[in-house]
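Listed below, chain by chain, are the residues.
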Amino acid sequence: MFSNCIYAFSPDNKPESTGKPGDTLVFKTMDCFSNTIKTAADLVTSCDYSKMNPAAGPAYIEGAEVGDVLVVDILDIVVASQGVVTTLPGCGPLADTVETRTKVVPIVNGMAQFNDVEFPINPMIGVIGTAPAKEAVVCGHPGSHGGNMDCKLITKGARLFFPVRTAGALLAMGDIHAVMGDSELCGTGVEIPGEITVKVDLIKNTLLEWPVLETADKWYTIACSHDYPEAARFASLELQRLISKAYGWDLTDCYLYLSLQGDMEICQACKPCSVELILRMGVPKRSGLPLLKK
Ligand code: CA
Ligand code: ZN
C-alpha cells in the first residue's frame, strides 16, 4: 500500500516502494487539500497552499528505463463517504460572481447529495503521472508527464500510458474526485480521499510525447498549454503521430481522418489554475489497430 505523500513529480523523489510489471499496486490518497477541509466552516483561504494536491507514492517500477512506456490499468477507485467542493478565489470564468464557499457533499449509495438534488458519482483520478526527466513539477500542474490532468475519463476500467523519463518511472497519484464535469468550472470537483488499485506494465523502447488514455471505445491523447491553439496542436499532433505509426498512413491522411473521426474535448478550463487549458483528443478504437500495444 502506497501512502507516502509527494507534492511534486520529480526524478529526485525517493521511491516509497517498488513494483514489477504485472503487479497490482494500491495507493491510499488524501484529497487535494491534504484532508484539511472537512466542514463548511473550513475555507480554502485558510489552507496551506504548499500542501495542495498530494500524490501517494512514488512507486519505482522495476525494469522501467528512460524511453519506455508505463502502462497503468485503473482496476478500482474507492472513495470515502463524504467529499467537498469549493470555490477558489479568482478561479474560473465566474469567479467574479461568487463568494468563497465550501460545500460538504455526502456520498450515499453511490449518489452525491448536493442541496436537495442527488446524482451518481463517477470516481476519477485528478493527479497521476510519472517523474519528468529533469525539473520537478508540482502536483497541481499538468504536463507531458501527466500530473494534474483533471480528466473525468480517468476512471475504473481506463488504461493510461505514460512516458518513462527517469529510471523506475516513479508513478504517483492522488486528487480523487467523486464526480466532476468537463472543465472543472470553478476549480474543484467533489474532492475526496480514497484508495486506488492499479495494475502496472511496461512497453519497452517506445516513444510517447504526452499521456495516452484508452477507454472502452476510444484512444485519447491528453495535452495542455497556456494557450488554446498550442494545447490543440500538442494533443492532435501526438494523436496524428500514433495513428500514422499504427495504421501506416502519412501525416496528411491522418489529418484528414482526425477531422472526420477525432473529437476534441475539454478536461479542465478554469483559468488561472496552473494552465489555462487541458484538452483530450480522441478517436474510436478500430479492431486490430491499437495505437499502443502492451
Ligand atoms: Ca485536480
Ligand atoms: Zn481535485
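Above this text you will find the structure in question.
Residues numbered from 1 in each chain as written. Chains lettered and ligands numbered in written order. Predicted model: local features only at pLDDT ≥ 70, side-chain atom pairs only at ≥ 80, totals over all residues. Heavy atoms only, no water.

Overview of the coordination of the zinc ion (ligand 2)
Phase 1: Of the protein atoms, only Asp-175 (OD), His-177 (NE2), Glu-191 (OE) and Glu-191 (OE) coordinate the zinc ion (ligand 2), at distances of 1.9 to 2.7 Å.
Phase 2: For the zinc ion (ligand 2), the four donor atoms are set out with angles of 53 to 146 degrees between them, so the coordination reads as irregular.
Phase 3: Taken in sequence order, the residues that donate to the zinc ion (ligand 2) follow the motif D-x1-H-x13-E.
Phase 4: The metal-metal distance between the zinc ion (ligand 2) and the calcium ion (ligand 1) comes to 3.3 Å, with Asp-175 coordinating both. Residue Asp-175 is located in strand β16 (residues 171–177), and its partner Glu-191 is located in the loop between β16 and β17 (194–203); the two are separated by 16 residues in the primary sequence. Across the pair, exposure class does not vary: Asp-175 and Glu-191 are buried alike. (Donors = N, O, S within 2.8 Å, 3.2 Å for Na, K, Ca; no water. Tetrahedral: all angles 85-135°; square planar, octahedral: opposite > 155°, others 65-115°. Helix = DSSP H or I, 4+ residues; strand = E, 2+ residues; numbered from the N terminus. Buried < 20%, exposed > 50% of the residue type's maximum accessible area, 1.4 Å probe, protein only.)

Notes on the pattern of salt bridges
Phase 1: All told, the structure shown has 15 salt bridges when counted by the stated rule.
Phase 2: Between Asp-73 and Arg-159 there is a salt bridge, and its shortest N-O distance comes to 2.6 Å. Placement of the pair is Asp-73 in strand β6 (residues 69–79) and Arg-159 in strand β15 (residues 159–163), with a sequence separation of 86 residues.
Phase 3: Residue class for Arg-159 comes out partly exposed when judged on its relative accessible area of 22%. (Salt bridge = Lys/Arg side-chain N within 4 Å of Asp/Glu carboxyl O.)

Describing the coordination of the calcium ion (ligand 1)
Phase 1: Coordination sphere of the calcium ion (ligand 1), protein contribution only: Asn-148 (OD1), Asp-150 (OD), Asp-150 (OD) and Asp-175 (OD), at 2.2 to 2.5 Å.
Phase 2: Each donor residue of the calcium ion (ligand 1) belongs to the same chain, with the gaps between them written as N-x1-D-x24-D.
Phase 3: A relative accessible area of 2% means that Asp-175 is categorised as buried.

Side note on unusual backbone geometry
Phase 1: Put simply, Gly-57 and Pro-58 share a cis peptide bond, and its omega is 0 degrees.
Phase 2: With a phi angle near 50 degrees, Asn-115 is a residue other than glycine that sits in the positive phi range.
Phase 3: Summarising the element assignment, Asn-115 is placed in the loop between β9 (111–114) and β10 (117–120).
Phase 4: Despite not being glycine, Glu-184 shows a phi value in the positive range, around 45 degrees.
Phase 5: In this structure, Glu-184 sits in the loop between β16 and β17.
Phase 6: Judged by relative accessible area, Glu-184 falls into the buried class, the value being 3%.

What to know about the pairing of strand β21 (residues 277–284)
Phase 1: Most of β21 is tucked away: eight of the eight residues are buried.
Phase 2: Residues Leu-277, Leu-279, Met-281 and Val-283 of β21 are buried on one face, and the alternating residues Ile-278, Arg-280, Gly-282 and Pro-284, pointing to the opposite face, are buried as well.
Phase 3: Where strand β19 (residues 218–225) lies against β21, eight bridges are found, and the strand directions are antiparallel. By the bridge assignment, Ser-225 is partnered in β21 with Leu-277.
Phase 4: In terms of strand pairing, strand β20 (residues 263–268) meets β21 through five bridges, oriented antiparallel. Paired with Gln-268 across the two strands is Ile-278, which belongs to β21. (Pairing = 2+ DSSP bridges.)

Topic: the environment of Asp-96
Phase 1: Relative to the helices and strands, Asp-96 resides in the loop between β7 (82–86) and β8 (102–108).
Phase 2: The exposed category is assigned to Asp-96, whose relative accessible area is 69%.
Phase 3: A sequence separation of 65 residues divides Asp-96 from Asp-31, and the C-alpha atoms of the two residues are 26 Å apart.

Description of the packing of aromatic side chains
Phase 1: The final tally for this structure, using the stated rule, is six aromatic pairs.
Phase 2: With centroids separated by 5.2 Å and ring planes inclined at 35 degrees, the aromatic side chains of Trp-210 and Phe-234 adopt a geometry described as tilted. Linking Trp-210 in the loop between β17 and β18 (212–214) with Phe-234 in helix α1 (residues 228–247), this pair joins segments that are 24 residues apart in sequence.
Phase 3: Judged by relative accessible area, which is 26%, Phe-234 ranks as partly exposed.
Phase 4: Ring plane angle 80 degrees and centroid distance 5.1 Å describe the contact between Trp-249 and Tyr-257, whose orientation is recorded as edge-to-face.
Phase 5: Taking the relative accessible area as the measure of exposure, Trp-249 reaches 30% and is therefore partly exposed.
Phase 6: Clustering of aromatic rings is evident, with ring pairs tying together Tyr-247, Trp-249 and Tyr-257.
Phase 7: Between Arg-280 and the ring centre of Tyr-220, over which it is positioned, the NZ or CZ distance is 5.7 Å. (Phe/Tyr/Trp six-rings, centres within 6.5 Å; stacked < 30°, edge-to-face > 60°. Lys NZ or Arg CZ within 6 Å of the ring centre and 35° of its normal.)

Notes on the side chain of Ser-244
Phase 1: Mapped onto the elements, Ser-244 comes out in helix α1.
Phase 2: Judged by its relative accessible area of 18%, Ser-244 is buried.
Phase 3: Beyond its immediate stretch of four places on either side in the chain, Ser-244 contacts Trp-249, Leu-251 and Cys-254. (Contact = heavy atoms within 4.5 Å.)

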